[in-house]
Amino acid sequence: MTLPDLAAVGLEFSVAGQVATITLNRPEVRNAQTPAMWRALASLGRQIPDEVRVVVVTGAGATFSAGLDRSMLDPGTQDQESVIGLLALSDDEASAAIDEFQQGFTFLRDPRFVSIAAVRGYAIGAGFQLALSCDLRVVADDAQFSMKESALGLVPDLTGTKPLVESVGYARALEICATARMVGAQEAVDIGLATQAVPADDLDAAVAELAAALSAPMAGVVTETKMLLQGAADRDLDEQRRLEREAQVRRFRALAAAFTS
């Protein structure tokens, strides 16, 4: 996908060394998201260069993302990507369309890189779920998360439910989703939703420091570690031990090759 195509849907993409940055760039609507943006994110995810080891997701201006662009829920919206258009589809067709939307979020779990959400201001609904799609969340002290879907009569459907439960546990995840309440920056850190909260002016520096630390180990180490940790809670000990052994043998071989080259 070309940069002009990305700009048309409110996205920017840049690569500096081993760190790529994806920016939601619709500050005039607080980086509200559209299905066209989700499709573009899915396409972008398939094109991230192999040398990238960290992907940072952020929002332009003072807000990470206010969630779904409300015009997409307006019956008068003519955009063919409008969410309201799902009502004209069969159940199977609507499910297939949502599956496409979800792919704009799932690529951030790719073990080739570690993804970091740099969150300022509001991360609401789809914005919250985009942040949850990232491996790590570093937040400004003004950050506010909310799973607003229940207030609209909907459920979270952009892959956010699983990482939310994994981060804060079932009971807390249910309470956050069902009440649609705001979760502030300090609470996000306290309950395991965010790894760090910093003053807003320090957010970029904190994320850059973390990205540098994640890029420092020998190529392949973080990828193998991420693959081991993903799904570890769902595997029994014997299966996890086997995967650890296999990963370590690969690391031994990689180290031996590096030392003899």
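Above this note sits the structure.
None of the values given here were measured: they were computed from a predicted structure.

Chemist: Could you clarify how one ought to interpret the nonpolar core in this entry?
Modeler: Of all hydrophobic cores here, the largest spans 51 residues; its most connected members are Phe-145 and Leu-193. Counting residues in each nonpolar core, the second largest holds 13 residues, with Ala-140, Val-198, Leu-203 and Val-207 among its members.

Chemist: What should I look at first to understand helix 9 (residues 221-229) in this one?
Modeler: In an α-helix, one turn spans 3.6 residues; hence positions three or four apart end up facing the same way. Along helix 9, the residues that are buried comprise Glu-224, Lys-226 and Leu-228. Looking at the buried positions of helix 9, the neighbouring elements they touch are strand 4 (114-119) and helix 10 (237-260). Two residues or fewer past helix 9, Gly-231 is found with a positive phi of approximately 80 degrees.

Chemist: Teacher, can you tell me more about the environment of Ser-215 here?
Modeler: Within the element layout of this structure, Ser-215 appears in helix 8 (residues 203-215). The sequence separation of Ser-215 and Arg-250 amounts to 35 residues, and the corresponding C-alpha distance is 19 Å. Contacts of Ser-215, omitting those with residues within four sequence positions, involve Gln-18, Val-19, Arg-53 and Val-54.

Chemist: Is there a simple way to explain the packing of aromatic side chains in this structure?
Modeler: What characterises a pair of aromatic rings is the spacing of the ring centres plus the angle enclosed by the ring planes. Overall, the coordinates contain 3 aromatic pairs when judged by the stated rule. Each ring, one from Phe-128 and one from Phe-145, has its centre 5.1 Å from the other, and the planes form 45 degrees; the classification is tilted. With Phe-128 in helix 4 (residues 126-133) and Phe-145 in strand 7 (residues 144-146), the pair connects residues that are 17 residues apart, well separated along the chain. Three or more aromatic residues joined by ring pairs form one cluster here, namely Trp-38, Phe-101 and Phe-105.

Chemist: Even after reading the chapter, I still don't get the packing of helix 2 (residues 35-45) against helix 3 (residues 91-106), so can you show me in this structure?
Modeler: Axis angle and axis distance: for two packed helices, these are the angle between their axes and the distance between the axes, and together they describe the pair. Look at helix 2 against helix 3: their axes get within 7 Å of each other, and the N-to-C directions meet at 55 degrees. On the basis of their axis angle, the class for helix 2 and helix 3 is oblique. The way helix 2 lies across helix 3 gives a crossing that is left-handed. Contacts between helix 2 and helix 3 involve Pro-35, Trp-38, Arg-39, Leu-41 and Ala-42 from the former and Glu-100, Phe-101, Gln-103, Gly-104 and Phe-105 from the latter. Residue classes in the contact of helix 2 with helix 3 are distributed as 6 nonpolar, 2 polar and 2 charged.

Chemist: When you look at the sheet that holds strand 7 in this model, what are you seeing that I'm missing?
Modeler: Within a sheet, each strand pairs with its neighbour through backbone hydrogen bonds, oriented either parallel or antiparallel. As summarised here, the arrangement of the 3 strands in space is 5-7-8, forming an open sheet in which the pairing is mixed. Only two strands of the sheet have a single partner each, and these edge strands are strand 5 (122-124) and strand 8 (183-184). Alignment of strand 7 against strand 8, held across 2 bridges, turns out to be antiparallel. Bridged to Phe-145 within strand 8 is Val-183. Lying over the sheet, helix 4 contacts strand 5 and strand 7, oriented at roughly 95 degrees with respect to strand 5.

Chemist: I tried to follow the side chain of Ser-115 on my own but got confused; where do I start?
Modeler: Here Ser-115 is to be found in strand 4. From its side chain, Ser-115 meets the backbone oxygen of Leu-108 in a polar contact 2.8 Å long. Contacts of Ser-115, omitting those with residues within four sequence positions, involve Val-55, Leu-108, Ser-133, Cys-134, Asp-135 and Leu-136.

Chemist: Is there a simple way to think about the pairing of strand 4 in this case?
Modeler: Remark: a regular strand shows side chains that alternate across the two faces of the sheet. The buried fraction of strand 4 amounts to 6 of the 6 residues, a majority that puts the element mostly inside the structure. Judged from the 4 bridges that link them, strand 3 (residues 54-59) and strand 4 form a sheet pairing that is parallel. When the bridges of strand 4 are listed, Val-57 appears paired with Ala-117. Alignment of strand 4 against strand 6 (residues 136-140), held across 4 bridges, turns out to be parallel. Residue Ala-118 lies in a different strand from strand 6, and its bridge partner there is Val-138.

Chemist: In this structure, what is going on with helix 8? I would like to understand it.
Modeler: Taking 1.5 Å of rise per residue, the 13 residues of helix 8 would be expected to cover 18 Å, and the 18 Å separating its terminal C-alpha atoms lies within 8% of that figure. Within the sequence span of helix 8, burial applies to Leu-203, Ala-206, Val-207, Ala-211, Leu-214 and Ser-215. Looking straight down helix 8, one finds that the buried residues subtend no more than 165 degrees of arc, so they occupy a single side. Away from the buried face of helix 8 by more than 90 degrees, exposed residues Ala-205 and Glu-209 are located. If you follow the buried residues of helix 8, they end up packed against strand 2 (19-24), strand 3, strand 4, strand 6, strand 9 (196-198) and helix 9.

What counts, and where the lines are drawn
- Residues numbered from 1 in each chain as written.
- Predicted model: local features only at pLDDT ≥ 70, side-chain atom pairs only at ≥ 80, totals over all residues.
- Heavy atoms only, no water.
- Core = buried A, V, L, I, M, F, W, Y, C linked by side-chain atoms within 4.5 Å.
- Buried < 20%, exposed > 50% of the residue type's maximum accessible area, 1.4 Å probe, protein only.
- Helix = DSSP H or I, 4+ residues; strand = E, 2+ residues; numbered from the N terminus.
- Contact = heavy atoms within 4.5 Å.
- Phe/Tyr/Trp six-rings, centres within 6.5 Å; stacked < 30°, edge-to-face > 60°.
- Axes fitted to C-alpha atoms, helices over the stretch in contact; angles between N-to-C directions.
- Parallel < 35°, antiparallel > 145°, perpendicular 65-115°, else oblique.
- Left-handed = near helix turned anticlockwise from the far one by under 90°.
- Nonpolar A, V, L, I, M, F, W, Y, C, P; charged D, E, K, R; others polar.
- Pairing = 2+ DSSP bridges.
- Polar contact = N/O pair within 3.5 Å; in protein donor to acceptor, adjacent residues only side chain to side chain.
- Expected span 1.5 Å × (residues − 1).
- Arc of directions from axis to C-beta.

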